[in-house]
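Reading the structure
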Amino acid sequence: MKVYRHWPHLQLVTSRPTTSWLPTSSQRLVLVPTLCCCFCRTSGTDDAHPPLPPLQAALQSSPTTVTLPALEWSGSSATLALLQETLGVSPLLIDADALSQLSISTSASNLLLINLPYCTGLQKSCKEVLQDNDEIIGKVVTIMESKNAPYTAVYTGLQPSRVISETSLSNRPAGRSLLQAVVPDVKPPIMFNVSGSPCIMLWAQNLNVSLSLNVAWVDFATATPSPTESQCNGTHSRLVLTHASGIVLSFAMSQKFYPVSGRNWFTLDSVTLQANGLVGSFIGSRGIYAPAEYSFHCQSVTSFRDALLVPNNTNTNTTQWRLNFIDFQIQGFGLGNTTNFSYASDCAGFFTPGIWMGLLTSLIMLLIFVYGLHMIMQLNTMDRFDDPKGPSISVPQLE
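What counts, and at which threshold
Residues numbered from 1 in each chain as written. Predicted model: local features only at pLDDT ≥ 70, side-chain atom pairs only at ≥ 80, totals over all residues. Heavy atoms only, no water. Helix = DSSP H or I, 4+ residues; strand = E, 2+ residues; numbered from the N terminus. Buried < 20%, exposed > 50% of the residue type's maximum accessible area, 1.4 Å probe, protein only. Contact = heavy atoms within 4.5 Å. Areas by Shrake-Rupley, 256 points an atom, 1.4 Å probe, with all protein chains shown as cover. Salt bridge = Lys/Arg side-chain N within 4 Å of Asp/Glu carboxyl O. Pairing = 2+ DSSP bridges. Core = buried A, V, L, I, M, F, W, Y, C linked by side-chain atoms within 4.5 Å. Arc of directions from axis to C-beta. 1 Å grid on protein atoms, 1.4 Å probe; cavity = no way out; pocket = protein on both sides within 12 Å on 5 of 7 lines; lining within 4 Å. Points joined across faces, edges and corners; volume = space filled by probe spheres on them. Nonpolar A, V, L, I, M, F, W, Y, C, P; charged D, E, K, R; others polar. pLDDT = per-residue confidence, 0-100. Disulfide = S-S within 2.5 Å.

**Re the overall build of the protein chain**
- Along the backbone of the protein chain there are 6 helices and 22 strands.
- Relative to its 399 residues, the protein chain shows a buried fraction of 34%.
- Here the contacts in the protein chain between residues at least 6 apart in sequence split such that 65% fall between residues at least 24 apart.
- Of the accessible surface of the protein chain, which amounts to about 25100 Å², a share of 56% is contributed by carbon and sulfur atoms.

Below you can see the structure in the form of structure tokens.
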């Protein structure tokens with residue numbers, strides 16, 4: 001059996017024409033609820049042999065029929081309560097066999113309830129259950145016609161066999177939407193141009209500067225500083241950033257050819273901080289370097305913890321000055337005409353302390369295993385045994 005709809009279904013069959021689906025007081029009502037699907041078609045049937053013949057015959061012979069193919073759960077389950085409230089009578093639960101023996105009064109309204117079996121939990125197939133239900137419906141219609149009592153028959157379901165959820169169109173965003181996440185706006189790098197071409201580029205999420213342990217950090221990256229006093233050439237570059245507060249931060253870089261590697265390397269020689277008429281210097285050439293055609297990147301560049309910028313201050317008033325650069329990237333050579341950084345040489349090495357610790361531990365355990373295996377292989381078993389019936393064995397001490 002192939003099912004086309006799974007929603008609760010409501011059909012009304014009246015024995016006289018009516019303009020309302022609710023019965024009047026002069027009509028007698030038979031309510032026939034079922035849990036089975038109402039819009040279905042059995043495979044192998046055609047128009048000459050329609051499914052559910054008694055139900056189809058009742059629909060065709062009735063002067064008035066109303067079909068509601070899709071109802072809400074609440075609307076379908078509240079049908080009995082609505083009819084009870086409208087007619088002002090209580091429903092009478094009865095089966096088809098007892099209906100023929102029931103005396104129906106035509107002077108008052110009657111509300112009869114006949115339950116039909118559901119497919120689930122029975123040994124029969126759904127097709128056989130539907131055919132049995134159809135026969136019960138035909139029997140009920142025949143009995144009501146034999147009693148010559150006007151009636152209205154309602155065939156509905158208590159709940160659907162399957163719920164198909166549908167999203168409201170009002171909750172959906174209008175237009176097309178992309179699947180990828182929204183990328184936040186990224187601020188452009190600080191760039192110093194010479195003759196219309198970039199010469200020095202610097203980008204950092206934070207360029208924090210502190211002049212004292214008790215003074216809050218000043219972030220150069222929040223407001224674009226002025227790089228007008230910067231300068232660069234083929235061997236030396238100097239990026240000077242002037243903050244609105246008057247603090248000046250400068251980066252001095254140089255490149256040099258190293259015969260061992262056979263290429264040019266650039267180093268960040270020093271970072272200079274000027275504030276309140278004082279100058280503080282930090283050496284960076286020991287840890288900040290990269291090939292001349294590359295840029296340098298490091299997640300954290302500080303002067304106080306795992307310092308890549310070593311303080312070089314002789315004045316006691318500048319000993320508390322600190323630098324903290326987050327997600328720092330700089331390039332002073334080999335930019336050409338592009339506005340993008342070249343390939344970045346990262347400060348994080350391939351062999352981290354954790355990797356070295358794991359390799360060393362594995363090597364020690366391997367040596368212990370090899371030593372133990374070697375000792376086991378050196379064990380010798382006895383090759384002579386004492387015979388109690390013969391003379392005792394004499395083993396020379398030389399053996």
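**Overview of the pattern of salt bridges**
- Overall, the coordinates contain 1 salt bridge when judged by the stated rule.
- A salt bridge links arginine 263 to glutamate 293; the shortest N-O distance between them is 2.5 Å. Taken together, the positions of arginine 263 in strand β16 (residues 263-275) and glutamate 293 in the loop between β18 (289-291) and β19 (295-302) put the pair 30 residues apart, joining distant regions of the chain.
- On the accessibility criterion, arginine 263 (29% relative accessible area) is partly exposed.

**Digging into the pairing of strand β9 (residues 190-194)**
- In terms of strand pairing, β9 meets strand β10 (residues 197-203) through 5 bridges, oriented antiparallel. Bridge pairing in β10 places asparagine 193 opposite proline 198.
- Hairpin connection between β9 and β10: a loop of 2 residues separates the two successive antiparallel strands, and serine 195 in this loop has a positive phi of roughly 60°.

**Some details on the nonpolar core**
- Counting residues in each nonpolar core, the largest one holds 34 residues, and the members touching the most others are Leu207, Leu249, Phe251, Leu309, Leu323, Phe325 and Phe328.
- Listed by contribution, the elements that provide at least two residues to this core are β9, β10, β11 (206-210), β14 (236-242), β15 (248-258), β16, β19 and β21 (322-331).
- Counting residues per element, this core draws most heavily on β16, at 5 residues.
- Setting aside anything within four residues of it in sequence, one finds phenylalanine 325 in contact with Asn206, Leu207, Asn208, Leu249, Phe251, Gln299, Ser300, Val301 and Leu309.
- In terms of nonpolar packing, the next biggest core, distinct from the first, is built from 20 residues, Leu55, Leu116, Ile137 and Val140 among them.

**Digging into helix α1 (residues 53-61)**
- Looking at α1, one finds that the buried residues are Leu55, Ala58 and Leu59. Taken around the axis of α1, the buried residues stretch over an arc of 100°, which confines them to a single face. Of the residues in α1, the exposed ones pointing more than 90 degrees away from the buried face are Pro53, Gln60 and Ser61.

**Quick look at the layout of surface pockets**
- In this model, the largest pocket occupies a volume close to 310 Å³.
- In terms of lining, the largest pocket is formed by 17 residues, of which the most central are Gly287, Cys298, Leu308, Cys347 and Ala348.
- Counting residues per element, the lining of the largest pocket draws most heavily on β19, which supplies 6 residues.
- Considered class by class, the residues forming the lining of the largest pocket number 7 nonpolar, 6 polar and 4 charged.

**Remarks on the confidence of the model for the protein chain**
- Confidence in the prediction of the protein chain, expressed as mean pLDDT, is 75, and 74% of residues score 70 or more.
- The element-level mean pLDDT for the protein chain is lowest in strand β1 (residues 2-3), coming to 35, with helix α6 (residues 353-377) highest at 94.
- In the predicted structure, residues 1-10 sits below a pLDDT of 50 and forms 47 contacts with residues beyond four places in sequence or in another chain.
- Note that pLDDT drops below 50 for residues 12-45; the model gives that stretch 131 contacts with residues more than four away or on any other chain.

**Quick notes on the state of the cysteines**
- This structure, assessed with the given rule, holds 2 disulfides.
- The partner cysteine of cysteine 199 in its disulfide is cysteine 232, sulfur to sulfur 1.6 Å. Linking cysteine 199 and cysteine 232, the disulfide has an S-S dihedral of approximately 140° and is accordingly described as right-handed. Of this pair, cysteine 199 sits in strand β10 while cysteine 232 sits in strand β13 (residues 231-232), and the two are 33 residues apart along the sequence.
- Each disulfide pairs two cysteine sulfurs, and for cysteine 298 the partner residue is cysteine 347, the sulfurs being separated by 2.0 Å. Between cysteine 298 and cysteine 347, the S-S dihedral sits near 70°, and the bridge is therefore right-handed. Separated by 49 residues along the polypeptide, cysteine 298 in strand β19 and cysteine 347 in the loop between β22 (344-346) and α6 bring together distant segments of the chain.

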